[in-house]
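Spelled out, the chains give:
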There are 2 protein chains.
Amino acid sequence: MQEHKIGVVAGVGPWAGLDLMRKLLQQWPAACDQAYPTIVSISQPSKIADRTAFLLGENACNPGYALAAQVLELTRMGATVVGIPCNTAHAPAIFDIIRSELATAGTPIKLLHMLEELAHHLRTEMPTVERVGLLATMGTYQSSVYETVLHSAELTVITPSQQQQAAIHDAIYNPQDGIKACGSGNARTLAVLTAVSRQLRRAGAEALILGCTELPLAITTPTFEQLPVVDPTSILAQALLREVAVDLNRDVCIVSADTRPNAM
Amino acid sequence: MQEHKIGVVAGVGPWAGLDLMRKLLQQWPAACDQAYPTIVSISQPSKIADRTAFLLGENACNPGYALAAQVLELTRMGATVVGIPCNTAHAPAIFDIIRSELATAGTPIKLLHMLEELAHHLRTEMPTVERVGLLATMGTYQSSVYETVLHSAELTVITPSQQQQAAIHDAIYNPQDGIKACGSGNARTLAVLTAVSRQLRRAGAEALILGCTELPLAITTPTFEQLPVVDPTSILAQALLREVAVDLNRDVCIVSADTRPNAM
């Protein structure tokens, strides 16, 4: 039987890639090293243009091509299912390019769609929620990708004002103390996230989507400003593990018989 | 110019591999995604027999062969320098096999030796230290690999008693609450590490080597039981970054020109 391997495009951004890999281990309790799933990853952020800059027209390079190249490289490493822990990369202008590049290459690979997994999670795990607040990058915000995906799941998305949205984007991207630069939040960026989340709750949000994979590095509690937190990275980790679960033995510490004999 | 890429054999154990990747990002401050270094990793622990079990004669499979195969796979992914975040894998009975397999393959790859990097670090950064206490797995302990490497750097290694050593090994390996199973320490395992570290200090240790890459997941402070902590994972991260630093631009958020043009 073919071994299933999880592939992670880990550089969008690098801290988000690490967060996904951490959540893969956390969600797969194992008694010994050998019982953990196989994960191959590529973090090569220098090759991937900023997703928001492209969506806003500030950069002509569609990062979808570089993302597809890395998915294909993961396939050559044996990955059978791949996740891209970047919300903005799931905007159709980028994700459609990735899908078409993979189709052209004709490689049999299952690329999960993080936002579709999230919509499914909301409908099955939080069925009473109807209105969700969205914290995201400017690219995700302007692309309306969450609205598109969640509308088909009969959910309403509540977004911040333009001014609040700019503050959220800065909390993620600020080169001095933004989450991409630090790998975590600080007092200033958390204050921004707090103020905007409070506004979203007042506007009727019943849950809070951390719609940029850097946000779970700053908001690490299950609720935030009294709203249950919905973490796409965690949901993507669950979905990736679901795909490989079929051939993983969770209880026994086994070693493949194809290692060569003792050479001592 | 060839791009330098860091390769990580990330499954020995999986939490230790993640810890190394985290320390690579932490030690490379970057203002934006694109300024982080390239890291490729394979975490395939099911293929790698337990290192200690092999060294103690409980398992006939020398994990050196599987480790070498993963290093070679990382080379095929473009890695130019590779680290293996597992102290026990550096015991000569295992590491010599890795080196000979790589030599046979004839692949130009720089495989760092974590313990030799640590010896260099001790001599250059902590020149007044003469006696170091060692916390490690039973395999590392019985192989005397630390004594061999550090003796050539004119350092004395102080090890726990057999009974204390067994307790340390259990804190790492216990399938219920050991660090390999949990990815962190708990009250019980930390109490064991505390008691043994205190004994090492009383026996004359001037610094404490976390000689198993799971230990920095439990001991996260710069000093522990009044001893400065020496973390091989952190030193390996520094060494890997030193190797790739030559061609990385740390200040400018660049994107390679080989991405295809905007297809919107």
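Rules and cut-offs
- Residues numbered from 1 in each chain as written.
- Chains lettered and ligands numbered in written order.
- Predicted model: local features only at pLDDT ≥ 70, side-chain atom pairs only at ≥ 80, totals over all residues.
- Heavy atoms only, no water.
- Least-squares fit on C-alpha atoms with pLDDT ≥ 70 in both.
- Contact = heavy atoms within 4.5 Å.
- Pairing = 2+ DSSP bridges.
- Helix = DSSP H or I, 4+ residues; strand = E, 2+ residues; numbered from the N terminus.
- Axes fitted to C-alpha atoms, helices over the stretch in contact; angles between N-to-C directions.
- Buried area = accessible area lost by both parts, 1.4 Å probe.
- Salt bridge = Lys/Arg side-chain N within 4 Å of Asp/Glu carboxyl O.
- Polar contact = N/O pair within 3.5 Å; in protein donor to acceptor, adjacent residues only side chain to side chain.
- Nonpolar A, V, L, I, M, F, W, Y, C, P; charged D, E, K, R; others polar.
- Disulfide = S-S within 2.5 Å.
- Buried < 20%, exposed > 50% of the residue type's maximum accessible area, 1.4 Å probe, protein only.
- Core = buried A, V, L, I, M, F, W, Y, C linked by side-chain atoms within 4.5 Å.
- Expected span 1.5 Å × (residues − 1).

Caption draft 1: Fine view of the relation of the copies chain B and chain A. After a rotation of 180° and a shift along the axis of 0.0 Å, chain B superposes on chain A with an RMSD of 0.0 Å. Look at the turn and shift together and you get a two-fold axis relating the two. When C-alpha distances to the rotation axis are compared across chain B, the minimum falls at Ser41 of chain B, with a value of 2.6 Å. Counting the interface residues of chain B, we find that 100% of their copies in chain A are interface residues as well, pointing to one common contact surface.

Caption draft 2: Region of the structure containing the sheet that holds strand β9 (residues 227–230) of chain A. Residue and element names in this part refer to chain A. Pairing is mixed in the open sheet, where 5 strands are placed in the order β6-β5-β7-β9-β8. The outermost strands of the open sheet, each flanked by one partner alone, are β6 (156–158) and β8 (223–224). In the sheet, strand β5 (residues 131–136) pairs with β6 via 3 bridges, with the strands oriented parallel. The residue of β6 that forms the bridge with Arg131 is Thr156. Against the sheet, helix α10 (residues 187–202) engages β5, β6, β7 (207–211), β8 and β9, with an angle of about 155° to β5.

Caption draft 3: Summary view of the interface of chain B and chain A. If you look at the interface, chain B gives 59 residues, while chain A gives 59 residues. Roughly 4800 Å² of surface becomes buried between chain B and chain A when both sides are summed, with 56% attributable to carbon and sulfur atoms. Counting every contact that joins chain B to chain A gives 4 salt bridges. As a salt-bridge pair, Asp33 of chain B and Arg51 of chain A come within 2.8 Å of each other at their nearest N and O atoms. At the boundary of chain B and chain A, one finds 17 residue pairs in polar contact (both at pLDDT 80 or more). Within the residue set of the side of chain B that touches chain A, elements represented by two or more residues are α1 (14–26), β2 (39–43), α2 (51–55), α3 (63–76), α4 (92–105) and α9 (179–182) of chain B. The biggest single contributor to the side of chain B that touches chain A is α1 of chain B, with 7 residues. When its residues are assigned to classes, the side of chain B that touches chain A shows 32 nonpolar, 13 polar and 14 charged. Sheet topology note: the strand β2 (residues 39–43) of chain A/β2 of chain B ladder contains 5 bridges and is antiparallel.

Caption draft 4: Layout of the sheet that holds β2 of chain B. An order of β4(A)-β3(A)-β1(A)-β2(A)-β2(B)-β1(B)-β3(B)-β4(B) is seen for the 8 strands of this open sheet, with the pairing classed as mixed. Each end of this open sheet is capped by a strand with a single partner; those strands are β4 (110–111) of chain A together with β4 (110–111) of chain B. Here strand β1 (residues 6–9) of chain A runs beside strand β3 (residues 81–83) of chain A; their pairing, made up of 3 bridges, is parallel. Looking across to β3 of chain A, one finds that Val8 of chain A is bridged to Gly83 of chain A. Across the sheet, helix α3 (residues 63–76) of chain A lies against β1, β2, β3 and β4 of chain A, angled at about 155° from β1 of chain A, the strand it touches most. Contacting β1 (6–9), β2, β3 (81–83) and β4 of chain B, α3 of chain B runs over the sheet at an angle of about 155° to β1 of chain B.

Caption draft 5: Spotlight on the pairing of strand β9 (residues 227–230) of chain B. Residues and elements named next belong to chain B. For strand β7 (residues 207–211) and β9, the ladder comprises 2 bridges, and the chain directions are parallel. Paired with Ile209 across the two strands is Val230, which belongs to β9. Strand direction decides the pairing type here: strand β8 (residues 223–224) and β9, joined by 2 bridges, are antiparallel. Bridge pairing in β9 links Thr223 to Pro228. As consecutive antiparallel partners, β8 and β9 are separated by 2 residues, and within that stretch Glu225 has a phi angle of approximately 50°, a positive value.

Caption draft 6: Just the state of the cysteines, in detail. All names here are of chain B. As enumerated under the stated definition, the model contains 0 disulfides over all chains in all. The thiol of Cys86 is unpaired, and the distance to the nearest cysteine sulfur, on Cys212, comes to 7.0 Å. With a relative accessible area of 6%, Cys86 lands in the buried category.

Caption draft 7: The nonpolar core, seen in detail. Among the nonpolar cores identified, the biggest contains 182 residues, and Ile84, Leu135 and Leu150 of chain A together with Ile84, Leu135 and Leu150 of chain B are the most heavily contacted of them. Once residues within four sequence positions are removed from consideration, Leu135 of chain A is found in contact with Ile168, Leu193, Val196, Ser197, Leu200, Leu208, Ile209, Leu210, Gly211, Cys212, Leu215 and Ile219 of chain A.

Caption draft 8: Representation of helix α4 (residues 92–105) of chain A. Residue and element names in this part refer to chain A. Given a rise of 1.5 Å per residue, 14 residues ought to cover 20 Å, and the 19 Å separating the end C-alpha atoms of α4 matches this to within 8%. Along its buried surface, α4 packs onto α2 (51–55), α3 and β4. Positive phi shows up at Gly106, right after α4, with a value of about 70°.

Caption draft 9: View of the pattern of salt bridges. All chains considered together, the criterion is met by 31 salt bridges over all chains. The salt bridge involving Lys180 of chain A is made with Asp33 of chain B; its shortest N-O contact spans 2.8 Å. Remark: Asp33 of chain B occurs in the loop between α1 and β2 and Lys180 of chain A occurs in helix α9 (residues 179–182); the pair is interchain, linking two chains. Each member of the pair Lys180 of chain A and Asp33 of chain B is classed as buried. Arg201 of chain A is the partner of Glu225 of chain A in a salt bridge, and the nearest nitrogen-oxygen pair spans 3.8 Å.

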